[in-house]
Amino acid sequence: MAEAHAVETATLVKHELRLRVPFVRGKRSGQVPTKLPHSFYLEAYRLNGTGDRARLWVSMLEELTQVRSLDLLTALPWAYAIDRRQLLRTNRAWCSSCYESWRSSGRPVYEPLLWMLQVVTVCPDHRQPLDSLCPLCGRTQFVLSSKSRPGHCSRCRSWLGRVHEADIMDHHVAEHLRTAEIVADLLAASPYVGNRVRWRKTRLINSLLKFCHSHNVSLIRALADRPEQRRE
Ligand SMILES: [Zn+2]
Ligand SMILES: [Zn+2]
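Residues numbered from 1 in each chain as written. Chains lettered and ligands numbered in written order. Predicted model: local features only at pLDDT ≥ 70, side-chain atom pairs only at ≥ 80, totals over all residues. Heavy atoms only, no water.

Enquirer: Can you lay out the nonpolar core for me, pointing to particular residues and giving the numbers?
Expert: Core analysis: the biggest nonpolar cluster contains 43 residues, and Trp-78, Ile-82, Trp-115, Leu-117, Val-120, Val-183 and Leu-219 have the highest contact counts within it. Of all the secondary structure elements, the ones that give two or more residues to this core are helix H3 (96-104), helix H4 (171-188), helix H6 (205-215) and helix H7 (219-224). Residue assignment places this core across two domains, with domain 1 (9-78) and domain 2 (171-229) each supplying three or more. For Ile-82, the contacting residues outside a window of four places in its chain are Leu-87, Leu-186, Thr-202, Arg-203, Ile-205, Leu-208 and Leu-223. Judged by nonpolar contacts, the second largest core, of eight residues, contains Phe-40, Tyr-41, Ala-44 and Met-60. (Core = buried A, V, L, I, M, F, W, Y, C linked by side-chain atoms within 4.5 Å. Buried < 20%, exposed > 50% of the residue type's maximum accessible area, 1.4 Å probe, protein only. Helix = DSSP H or I, 4+ residues; strand = E, 2+ residues; numbered from the N terminus. Domains from an automatic or database assignment. Contact = heavy atoms within 4.5 Å.)

Put into structure tokens, the structure is as follows:
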């Protein structure tokens, strides 16, 4: 959004967004902040998640932009099915080939939800490991930062897209690739899940994936499985 309006992420967050969303916890719960909390960017990865904070941000952004279903850009559709523990990574990860191919073909550069999930370590399109260190400055980054710009390092601001040489995939990468494909299929189903499906309880994504791998089934199928009928 900051990119489309040619402003810095920090400006957009500070002046337009953050002060519209109340605290969700602590003694100031329900109050709207008067200034940006120090921990905002540190905890901003939760905006992609399944908690109250994500819910509040989605409704605020839907109101401001008049765009509906922004929850589909987060893990919210799965809030009642998948446990939030072990779900989101706190540091940014990306596929340099995705960035490069989007830019060279004139498509918008963005940060897919798939890359935000801890269990996803390989890009299913390019079959290469996701990066988490900038090749120029060598630093890690928060998922959202005051200098965030899609496809660019938020520390040194350099372009992160690269043309990747195809490697021979070893067994280790092949298994991670399968995981990434299973999770990508689940996220693709987000628009159809709604709140119509009532899951028995939330389950850890890692134990669900173990079931997917051993039974060669999708995550949706694993979610429909009765945990009491098997040992994990
Ligand atoms: Zn890719
Ligand atoms: Zn950098």
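Enquirer: With reference to specific residues and values, describe the coordination of the zinc ion (ligand 1).
Expert: Bound to the zinc ion (ligand 1) on the protein side are Cys-95 (SG), Cys-98 (SG), Cys-123 (SG) and His-126 (ND1), at distances that span 2.1 to 2.3 Å. Around the zinc ion (ligand 1), the four donor atoms sit at angles spanning 103 to 115 degrees, and that spread fits a shape best called tetrahedral. Counting gaps between the donor residues of the zinc ion (ligand 1) yields the pattern C-x2-C-x24-C-x2-H. Here Cys-98 is found in helix H3, whereas its partner Cys-123 is found in strand S1 (residues 122-123), with 25 residues between them in sequence. Here Cys-98 and Cys-123 have matching classes, each one buried. (Donors = N, O, S within 2.8 Å, 3.2 Å for Na, K, Ca; no water. Tetrahedral: all angles 85-135°; square planar, octahedral: opposite > 155°, others 65-115°.)

Enquirer: Can you lay out the pattern of salt bridges for me, pointing to particular residues and giving the numbers?
Expert: Inspection of the entire model under this criterion finds five salt bridges. For Glu-111, the salt bridge identified is with Arg-92, shortest N-O distance 3.0 Å. Placement of Glu-111 in the loop between H3 and S1 and of Arg-92 in the loop between helix H2 (52-65) and H3 is noted, with a sequence separation of 19 residues between them. Measuring nitrogen to oxygen at the nearest pair gives 3.7 Å for the salt bridge that ties Arg-178 to Glu-181. Taken together, the positions of Arg-178 and Glu-181, both in helix H4 and three residues apart, correspond to about one turn of that helix. Judged by its relative accessible area of 31%, Arg-178 falls in the partly exposed class. When salt bridges with common partners are traced through the structure, they connect Glu-43, Arg-46 and Arg-53 into a single cluster. (Salt bridge = Lys/Arg side-chain N within 4 Å of Asp/Glu carboxyl O.)

Enquirer: Report on the coordination of the zinc ion (ligand 2), specifying residues and quantitative values.
Expert: Within the first shell, the zinc ion (ligand 2) binds the protein through Cys-134 (SG), Cys-137 (SG), Cys-153 (SG) and Cys-156 (SG), at distances of 2.3 Å. Bound by four donor atoms, the zinc ion (ligand 2) shows angles of 105 to 116 degrees at the metal and therefore tetrahedral coordination geometry. In primary-sequence terms, the residues that donate to the zinc ion (ligand 2) follow C-x2-C-x15-C-x2-C. Here the residue Cys-134 occupies a position in the loop between strand S2 (128-129) and H4, and Cys-156 occupies one in the loop between S2 and H4, the gap between them amounting to 22 residues. Using a relative accessible area of 2% as the deciding quantity, one classes Cys-134 as buried. Given a relative accessible area of 34%, Cys-156 falls into the partly exposed group.

Enquirer: Give a detailed account of empty space enclosed by the protein, specifying residues and quantitative values.
Expert: Under the defined criterion, the tally for this structure stands at one cavity of 30 Å³ or more. The calculated volume of the largest cavity comes to roughly 60 Å³. Lining the largest cavity are Ala-75, Trp-78, Ile-82, Leu-87, Leu-117, Val-183, Leu-186, Leu-187 and Ile-205. Per-element tally for the lining of the largest cavity: the top contributor is H4, with three residues. For the lining of the largest cavity, a count of residues per class yields nine nonpolar, no polar and no charged. (1 Å grid on protein atoms, 1.4 Å probe; cavity = no way out; pocket = protein on both sides within 12 Å on 5 of 7 lines; lining within 4 Å. Points joined across faces, edges and corners; volume = space filled by probe spheres on them. Nonpolar A, V, L, I, M, F, W, Y, C, P; charged D, E, K, R; others polar.)

Enquirer: Tell me about the packing of H4 against H6, residues and numbers included.
Expert: For any two helices packed against each other, one specifies the crossing angle of their axes together with the interaxial distance. Contact pair H4 / H6: the axes reach a minimum separation of 11 Å and the direction vectors enclose 110 degrees. Judged by the inter-axis angle, H4 sits roughly perpendicular to H6. Here Glu-175, Arg-178, Thr-179, Ile-182 and Val-183 of H4 lie close against H6, whose contacting residues are Leu-209, Cys-212 and His-213. In terms of residue class, the contact of H4 with H6 is built from four nonpolar, two polar and two charged. (Axes fitted to C-alpha atoms, helices over the stretch in contact; angles between N-to-C directions. Parallel < 35°, antiparallel > 145°, perpendicular 65-115°, else oblique.)

Enquirer: Can you break down the side chain of Glu-100 residue by residue, with the values?
Expert: Take Glu-100: it is sitting in helix H3. Arg-103 provides the closest opposite charge to the buried, salt-bridge-free Glu-100, at an N-O distance of 4.6 Å. Separated by 2.9 Å, the side chains of Glu-100 and Trp-159 make a polar contact. When sequence neighbours within four positions are dropped, the list of residues in contact with Glu-100 reads Trp-159, Gly-161, Arg-162 and Val-163. (Lys, Arg positive; Asp, Glu negative; His and termini not counted. Polar contact = N/O pair within 3.5 Å; in protein donor to acceptor, adjacent residues only side chain to side chain.)

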